[in-house]
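The chain contents come next:
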There are 2 protein chains.
Amino acid sequence: MRIVIALGGNALLPKGAKGDSGEQLAAANSAISRLEPLLKQNEVVLTYGNGPQVGNLLIQQQATGEVAKMPLDVLDAMTQGQIGYFIASAVSMTGLHSATLITRVVVDPDDAAFQNPSKPIGPFYAAKPETGNGKPYFMDAGRGYRLFVASPEPVKIREHDAISALLDSGFVVIAVGGGGIPIAKNGKGLEAVIDKDRATSLLAGEIRADLLVFVTSVDSAYLDFGKKTQKALRKLSAQEAAHHMAGNHFAEGSMKPKVEAALQFLRKGGKKVVICAIEEIEAALSGNAGTTITP
Amino acid sequence: MRIVIALGGNALLPKGAKGDSGEQLAAANSAISRLEPLLKQNEVVLTYGNGPQVGNLLIQQQATGEVAKMPLDVLDAMTQGQIGYFIASAVSMTGLHSATLITRVVVDPDDAAFQNPSKPIGPFYAAKPETGNGKPYFMDAGRGYRLFVASPEPVKIREHDAISALLDSGFVVIAVGGGGIPIAKNGKGLEAVIDKDRATSLLAGEIRADLLVFVTSVDSAYLDFGKKTQKALRKLSAQEAAHHMAGNHFAEGSMKPKVEAALQFLRKGGKKVVICAIEEIEAALSGNAGTTITP
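Source: prediction; values computed, not measured. (Residues numbered from 1 in each chain as written. Chains lettered and ligands numbered in written order. Predicted model: local features only at pLDDT ≥ 70, side-chain atom pairs only at ≥ 80, totals over all residues. Heavy atoms only, no water.)

A. Highlighting the sheet that holds strand β7 (residues 145-149) of chain B. All names here are of chain B. Spatially, β5-β7-β6 is the arrangement adopted by the 3 strands of the open sheet, whose pairing is antiparallel. The sheet is open, and its two edges are formed by β5 (119-125) and β6 (137-139), each paired on a single side. Recorded for the sheet is a direction-independent mean angle of 40 degrees between the axes of neighbouring strands. Here β5 runs beside β7; their pairing, made up of 4 bridges, is antiparallel. Within β7, the position partnered with Tyr-125 by the bridge is Tyr-145. (Pairing = 2+ DSSP bridges. Helix = DSSP H or I, 4+ residues; strand = E, 2+ residues; numbered from the N terminus. Axes fitted to C-alpha atoms, helices over the stretch in contact; angles between N-to-C directions.)

In structure tokens:
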């Protein structure tokens with residue numbers, strides 16, 4: 001079976017962790033050891049987030065004017081190298097062979113998202129930084145000012161053919177880090193952040209995956225999440241999922257983008273999406289944990 | 001023909017450049033446009049150096065204690081992402097499909113190099129830095145104190161099988177950046193820098209390349225280089241090259257490691273090595289420029 005698994009940021013850098021290399025490697029080892037049986041029996045692509053790591057690079061490069069600062073597309077590429085290496089190290093511990101690909105994702109420079117930067121990234125500031133270079137800093141949920149960047153729709157995974165070739169040759173493929181490096185069709189890098197779940201869904205369709213898995217920090221999708229009446233959703237049709245989404249049951253920036261990405265994959269011919277915590281992934285694939293969405 | 005081409009640091013980051021992303025991308029575009037005919041007619045792996053880029057990351061992470069500092073193996077991975085992305089962007093301009101692989105290289109943790117750190121990296125200091133954490137800082141050629149790290153012998157390119165699979169599938173492969181991320185056989189990252197030319201030679205042998213090319217800032221190997229009597233070496237047998245090397249005709253840290261790496265490839269069954277400037281690569285491959293070494 002061909003499976004694409006999106007590892008949430010939490011699986012690779014636990015909340016509150018400083019993000020040193022030992023912590024990140026330990027988190028990757030822990031996540032991959034949970035996935036080992038799956039990796040050994042299937043063709044698997046692992047995708048992953050990079051938010052905290054990009055934030056750390058932004059802090060570092062703002063700390064000195066001595067060397068050139070890199071734009072966001074290049075920082076994405078650097079964190080793909082960093083986190084991809086940690087995951088590759090963890091996969092090697094299982095004895096499997098992996099390939100870690102720097103991955104670019106084509107977006108449309110005319111995407112309306114560029115007129116409406118909606119994704120906060122990097123450190124929090126008590127006031128709008130004066131060195132903002134005219135970039136948009138806004139208050140983020142009352143926690144401080146942050147840089148907001150565009151989050152355009154992914155159009156094409158530039159490396160999808162290389163990913164397919166590596167899967168065909170038997171490698172565990174590590175790719176699409178941080179949602180991929182945003183580029184225009186002509187190859188030019190863009191100042192944006194692509195939603196990891198959407199990019200992962202796009203890849204799953206492009207490489208005709210049988211199954212798409214979102215590994216999250218919550219154990220499934222819920223109705224009335226966080227309320228006394230909350231109720232785990234074990235099995236859903238695409239229609240039911242769309243209905244609950246319209247009823248505002250899924251939180252923005254958390255469960256909603258995953259369900260949206262799931263529906264997108266199913267619309268493009270995907271057969272099954274699972275949303276689950278990494279500890280329960282095997283039970284979830286048998287339908288005994290997590291949330292399974294089918295057409 | 002299967003060709004491995006090592007791009008010298010100078011081809012990707014001209015001396016004196018600050019290293020901002022525009023400069024690096026322009027340098028990559030210039031280098032790749034020279035290689036375009038070769039890339040279109042052959043299976044090609046491009047390897048590359050990362051010295052200035054790692055130096056810049058060392059400066060940035062020493063500038064603030066706010067976020068976790070990464071060890072050298074992780075910095076290597078980050079620069080592979082950074083530079084690999086620039087090269088991939090340049091390859092895309094030719095219409096060819098590329099794959100940029102994060103590459104690890106196995107070394108022996110008992111390599112004598114670890115007892116004798118010989119490779120200076122990162123920024124120059126007027127005095128030994130107090131925050132050296134017991135790391136070895138030595139005077140580098142009278143220009144200032146620098147961190148010296150081990151430069152062990154590469155034993156195996158961990159991703160050589162993925163590189164072969166991608167070549168077989170028709171991709172231009174971008175790999176072994178900075179000589180590769182040094183790891184022990186068990187996968188543990190090591191504080192070291194692997195010589196790019198040696199790692200490239202090792203890869204060329206492992207993937208049974210027909211031709212190994214070292215792109216350098218000088219136009220060929222010379223006898224009496226820099227003296228009035230200097231004489232370009234156009235064609236050499238392995239035996240002649242070894243003889244001139246024993247006669248100290250090739251400079252340490254410059255031409256000598258390239259000739260050593262060339263001889264290693266030829267000893268392992270390689271048929272041809274070319275050392276040349278990127279402007280003359282096509283003439284050099286026809287034997288009309290550069291230096292060609294054969295068994």
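B. Region of interest: the packing of aromatic side chains. Tallied over the full model, the rule gives 8 aromatic pairs over all chains. Arranged with centres 5.4 Å apart and planes meeting at 80 degrees, the rings of Phe138(B) and Phe148(B) form a pair that is edge-to-face. One end of the pair, Phe138(B), is in strand β6; the other, Phe148(B), is in strand β7, and 10 residues separate them in sequence. With centroids separated by 5.4 Å and ring planes inclined at 40 degrees, the aromatic side chains of Tyr222(B) and Phe225(B) adopt a geometry described as tilted. Judged by its relative accessible area of 12%, Tyr222(B) falls in the buried class. Here the basic side chain of Arg146(A) rests over the ring of Phe124(A), its NZ or CZ set 4.3 Å away from the ring centre. (Phe/Tyr/Trp six-rings, centres within 6.5 Å; stacked < 30°, edge-to-face > 60°. Buried < 20%, exposed > 50% of the residue type's maximum accessible area, 1.4 Å probe, protein only. Lys NZ or Arg CZ within 6 Å of the ring centre and 35° of its normal.)

C. Looking closely at the relation of the copies chain B and chain A. Overlaying chain B with chain A gives an RMSD of 0.0 Å, the required rotation being 180 degrees about an axis along which the chain moves by 0.0 Å. When the rotation and shift are considered jointly, the pair of chain copies conforms to a two-fold rotation axis. With an isologous cut-off of 70% or more, the 100% of interface residues of chain B that recur at the interface of chain A puts this contact in the isologous class. (Least-squares fit on C-alpha atoms with pLDDT ≥ 70 in both. Contact = heavy atoms within 4.5 Å.)

D. Inspection of the interface of chain B and chain A at higher detail. In this complex, chain B contributes 50 residues to the contact, which on the side of chain A involves 50 residues. For the chain B and chain A pair, buried surface summed over both sides reaches about 3900 Å², with 65% attributable to carbon and sulfur atoms. Across the chain B-chain A interface, the total number found is 12 residue pairs in polar contact (both at pLDDT 80 or more). Counting residues per element, the ones that place at least two in the side of chain B that touches chain A are α2 (21-41), α3 (51-62), α4 (72-92), β3 (98-102), α5 (160-168) and β10 (181-183) of chain B. No other element matches α4(B), which puts 11 residues into the side of chain B that touches chain A. Looking at the side of chain B that touches chain A, its residues break down into 23 nonpolar, 19 polar and 8 charged. Of the strand pairs in this sheet, strand β3 (residues 98-102) of chain A and β3(B) are connected by 3 bridges, and their pairing is antiparallel. Note on β3(B): the bridge partner recorded for Thr100(A) is Ile102(B). (Buried area = accessible area lost by both parts, 1.4 Å probe. Polar contact = N/O pair within 3.5 Å; in protein donor to acceptor, adjacent residues only side chain to side chain. Nonpolar A, V, L, I, M, F, W, Y, C, P; charged D, E, K, R; others polar.)

E. Region of the structure containing the nonpolar core. Residues Ile5(A), Leu35(A), Leu46(A), Val213(A), Ile5(B), Leu35(B) and Leu46(B) are the most contacted members of the largest nonpolar core, which totals 101 residues. Residue contacts for Leu46(B): discarding those within four places in its chain leaves Ile5(B), Ile32(B), Leu35(B), Leu39(B), Ile87(B), Val91(B), Val172(B), Val173(B), Ile174(B) and Ala175(B). (Core = buried A, V, L, I, M, F, W, Y, C linked by side-chain atoms within 4.5 Å.)

F. Structural view of α3(B). With 12 residues, α3(B) ought to run about 16 Å at 1.5 Å a step, and its terminal C-alpha atoms sit 17 Å apart, in line with that. Along α3(B), 9 of the 12 residues are buried, which leaves the element largely enclosed by surrounding structure. Along α3(B), the positions that sit buried rather than exposed are Gln53(B), Val54(B), Gly55(B), Asn56(B), Leu57(B), Leu58(B), Ile59(B), Gln60(B) and Gln61(B). Packed against the buried residues of α3(B) are α3 (51-62) and α4 (72-92) of chain A together with α2, α4 and β5 of chain B. (Expected span 1.5 Å × (residues − 1).)

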